[in-house]
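Analysis of the macromolecular model
Next come the chains, spelled out residue by residue.
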Amino acid sequence: GNSGISIVISSISSSSRDPDMRNCNSLEEMVPMAYAHAESMSPRGLSAFWTLTSKFLRQQPNTRNPVQTSQMEHQFKTILAHTQKAIQSSAFGYRDLATTSLGLAKIVKLVRRRGRSKPRQILRDLLLSNAANGGPTKTHTLFRSIATASIPIREDFDARSLSNLIYAFGVVECVPMFEDDGSTFFEILAAEAVMKLEDFRPQELSNLLWAYTKDDAPLSAGLFRLVADHITDHSTLKTYNGQDLANIVWAYATAKESHPKLFEKIAHHIVTLPPNQLNSFNGQDFANIVWSYATAREPSPELFKTVADHVAARGNHALKAFNPQNLANTLWAYATAKESHPKLFQKMASHIARLDNLDAFNSQALANILWAYATSQESSTELFGRVARHIIALDSLEGFTPQALSITAWAYATSRQSSPLLFEKLSGAAIRRQYDFTSQNIGNFLWSHATNGQMDERLFTSFAPSVSALLGSCNNQELTKIAWAYAVVNVPAPSLFDDAFLRACLKKEEEYTREELGQLHRWSMWQEGLESGYPLPSSLREKCFAAATSKVSEPSSLQANSVMSELSDIIGIAFDGPSSFAVENDQSVR
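These numbers were taken from a predicted model, which means no experiment stands behind them. (Residues numbered from 1 in each chain as written. Predicted model: local features only at pLDDT ≥ 70, side-chain atom pairs only at ≥ 80, totals over all residues. Heavy atoms only, no water.)

1. Some thoughts on the overall build of the protein
A count of helices and strands for the protein gives 30 helices and 0 strands. Taking all 590 residues of the protein together, 57% fall into the buried category. A fraction of 78% describes how many contacts in the protein between residues 6 or more apart in sequence connect residues 24 or more apart. Accessible surface for the protein amounts to roughly 25,700 Å². Of this, 48% is attributable to carbon and sulfur atoms. (Helix = DSSP H or I, 4+ residues; strand = E, 2+ residues; numbered from the N terminus. Buried < 20%, exposed > 50% of the residue type's maximum accessible area, 1.4 Å probe, protein only. Contact = heavy atoms within 4.5 Å. Areas by Shrake-Rupley, 256 points an atom, 1.4 Å probe, with all protein chains shown as cover.)

Printed below as a string of structure tokens:
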């Protein structure tokens, strides 16, 4: 609230050169005041301004004092220019550099999300637009100045300031490289952080690790190992709360850094916590923890049981703390780790099915949830029926990626959940997006329609050119699923099933499983009945016949592994880790 902001102002605006912003209630009040003192403001005052700007941006716009856009834009530009000038002149100390970078990073994070308020629009244009000549954004130019100013005084940074500095650069996805020795800013700071590990608090460690998981932040050699060794060998986990533990294992899983001892220690700690301490974990904490163990392939049956028992026992009270992504990631984790817990799945299915609406669930979350129930063989007609009605009622499926369309259809077919109207809607969306489908998407999608008894001739006819174009990328499973599906639905597709298709099948002759050979036999017999003139080569035809007569093929047992791999890619795109990483720097600034 405003009273909290006033306390921050009183603690950080200590210089007589700085304006007294303690009574400001909005950006409309604060920005003109700071602008009037821009040339004389101290580094502490400037860092305070950017910290408070990030706080005010989260508030509702001040409608009583409408913003004069051109005036506020000029004021922000002026204050930003003075900030950069002061940084380049080495006027900022380590604490002010860390506070300023964190405040600006929070602003960037906020304005990346489209908002209607004028201040957000102004700051978005100011910080995120490229230079006139197509160069870097103002944000990247400013953060390079901060990096350049930080390196000479890096030894002065305490653990909190160092953690916040690294976190801020991770948020804006800026990792400058310095030409003298080719080192990146993160590599330089990693060496400094390693020497100060004993001084880092749990949340500061999670900030540090999170920043090094960013795609364009190269991992410094040994950093993750040394932090894990520090936690396992020297730290007690009694000072780590649920978010700290979740954030740390999430970072290791996301960075694909293996450290079994760390995962074992954290799992043991959580398992031995009394129920009242587990109550302090929120839905995101639980979801991130089990997601991390599943993603890192770190087995821990006791941990999964402890989390599931706790959540299931608390029922709807606990599940209200799970947002759609939390629910999807939790269910995905149990299915991926092959950790069965029927009661948890029943509780979550009932909770989702009885929500007022499913508008908060995006296509990925819905696909992940359905996939988890199908893979775990947890039947929930109530859940599948509710999701089907929701998708059918949508105006369009433009938000569904080819993967989401494919996995949704696969889940209904695998779970033997019939919904002709749903499949009709999925089919229409797939036809419009067919050239975005991979061979795996197509194989799963067509197989699902055939398995579910959806004899959609238009779908199969429409997809024939796409399949032909992707024959070279089809693996053995995809080829046989596609062939079997066309045979079951009885759509001839002569433009697809020709010499090129036969050559593709023959190339995989030594790779087929018995089930796949049985599926291919079904297609071969169908082609003979059609007198298409494209029989399988004799050697492959004999293998197919032997497989089909030795054991009846069960096409409905399509392997989940390929879909699991595909779904993992989807989760990797959307799951960006815990949302509340930053250590609030306000209390440490004097």
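Continuing now.
2. Section: the nonpolar core
Membership of the largest hydrophobic core comes to 188 residues, with the highest contact counts inside it found for F76 and Y486. Here F76 is in contact with L27, V31, F49, W50, T53, I122, L123 and L126, once residues within four sequence places are set aside. (Core = buried A, V, L, I, M, F, W, Y, C linked by side-chain atoms within 4.5 Å.)

3. Quick word on helix α16 (residues 301-314)
Taking 1.5 Å per residue, 14 residues should reach 20 Å; α16 reaches 20 Å between its end C-alpha atoms and fits that length. All of the buried residues along α16 are L303, F304, T306, V307, A308, H310, V311 and A312. Considering only its buried residues, α16 is in contact with α13 (260-271), α14 (275-278), α15 (283-295), α17 (316-319), α18 (324-336) and α19 (342-353). Positive backbone phi, at 60°, marks G315, one or two positions downstream of α16. (Expected span 1.5 Å × (residues − 1).)

4. Observations regarding the packing of aromatic side chains
Counted according to the given criterion, the structure contains 24 aromatic pairs. Aromatic side chains F263 and Y293 sit 4.9 Å apart centroid to centroid with 80° between the ring planes, which places their arrangement in the edge-to-face category. Of the two residues, F263 is situated in helix α13 and Y293 in helix α15; the sequence distance between them amounts to 30 residues. The two residues F263 and Y293 agree in class, both being buried. Here F437 and F463 contribute two aromatic rings whose centre-to-centre distance is 5.4 Å and whose plane-to-plane angle is 75°, an arrangement assigned as edge-to-face. (Phe/Tyr/Trp six-rings, centres within 6.5 Å; stacked < 30°, edge-to-face > 60°.)

5. Considerations on the pattern of salt bridges
One pass over the structure, following the stated rule, counts 13 salt bridges. In this structure, the salt-bridge partner of E192 is K196, at a minimum N-O distance of 3.3 Å. Exposure remark for E192: the relative accessible area of 5% places this residue in the buried category. With relative accessibility at 13%, the residue K196 sits in the buried group. The salt bridge partner of K261 is D233, with a shortest N-O separation of 3.1 Å. Highlighted residues: K261 in helix α13 and D233 in helix α11 (residues 223-234), separated in sequence by 28 residues. Judged by its relative accessible area of 47%, K261 falls in the partly exposed class. One connected set of salt bridges, linked through shared partners, spans R160, R201 and E204. (Salt bridge = Lys/Arg side-chain N within 4 Å of Asp/Glu carboxyl O.)

6. Topic: the environment of L278
Looking at the element boundaries, L278 is found in helix α14. The class for L278 is buried, based on a relative accessible area of 5%. Expressed as a C-alpha distance, the spacing of L278 and V307, which sit 29 residues apart in the sequence, is 8.7 Å. Those residues in contact with L278, other than ones at most four positions away along the chain, are I270, L273, F286, T306 and H310.

7. Here's the deal with the packing of helix α12 (residues 242-254) against α13
Following both chains from N to C, one finds α12 and α13 inclined at 155°, their axes separated by 11 Å at the closest point. Relative to α13, the element α12 lies roughly antiparallel. Relative to α13, the crossing made by α12 is left-handed. Here L245, I248, V249, Y252 and A253 of α12 lie close against α13, whose contacting residues are L262, F263, I266, H269 and I270. Looking at the contact of α12 with α13 residue by residue, the class counts come to 9 nonpolar, 1 polar and no charged. (Axes fitted to C-alpha atoms, helices over the stretch in contact; angles between N-to-C directions. Parallel < 35°, antiparallel > 145°, perpendicular 65-115°, else oblique. Left-handed = near helix turned anticlockwise from the far one by under 90°. Nonpolar A, V, L, I, M, F, W, Y, C, P; charged D, E, K, R; others polar.)

8. Comments concerning the confidence of the model for the protein
With 87% of its residues at a pLDDT of at least 70, the protein reaches an overall mean of 88. In this model residues 1-13 is a low-confidence stretch, pLDDT under 50, and it forms 23 contacts with partners more than four residues away in sequence or in other chains. Every residue in residues 553-590 is under pLDDT 50, and counting partners more than four places away or in other chains gives 121 contacts. (pLDDT = per-residue confidence, 0-100.)

9. Things to note about the packing of helix α3 (residues 43-57) against helix α4 (residues 69-88)
Where α3 contacts α4, the two axes come as close as 10 Å, and the packing angle between them is 135°. With respect to their mutual orientation, α3 and α4 come out oblique. Here α3 and α4 pass one another in a crossing that is left-handed. Listed contacts from α4 to L46, F49, W50 and T53 of α3 are F76, I79, L80, H82, T83 and A86. Classifying every residue of the contact of α3 with α4 by side-chain character gives 7 nonpolar, 3 polar and no charged.

10. Remarks on unusual backbone geometry
Unlike most non-glycine residues, Q377 shows phi in positive territory, near 55°. Relative to the assigned elements, Q377 resides in the loop between α20 (363-375) and α21 (381-393). Backbone geometry at R416 places phi at a positive 55°, although glycine is not the residue there. Along the chain, R416 turns up in the loop between α22 (402-414) and α23 (420-433). Using a relative accessible area of 66% as the deciding quantity, one classes R416 as exposed.

11. Observations concerning the state of the cysteines
One pass over the structure, following the stated rule, counts 0 disulfides. Between C544, a free cysteine, and C505, which holds the nearest cysteine sulfur, the sulfur-to-sulfur gap is 8.4 Å. C544 sits in the buried class, given a relative accessible area of 1%. (Disulfide = S-S within 2.5 Å.)

12. Remarks on the environment of S161
On the secondary structure map, S161 appears in helix α8 (residues 159-171). Here S161 falls in the buried class, since its relative accessible area comes to 2%. Through-space distance from the C-alpha of S161 to that of L102 is 9.5 Å; in sequence the pair is 59 residues apart. In contact with S161, other than residues within four places in its own chain, are Y94, R95 and A98.

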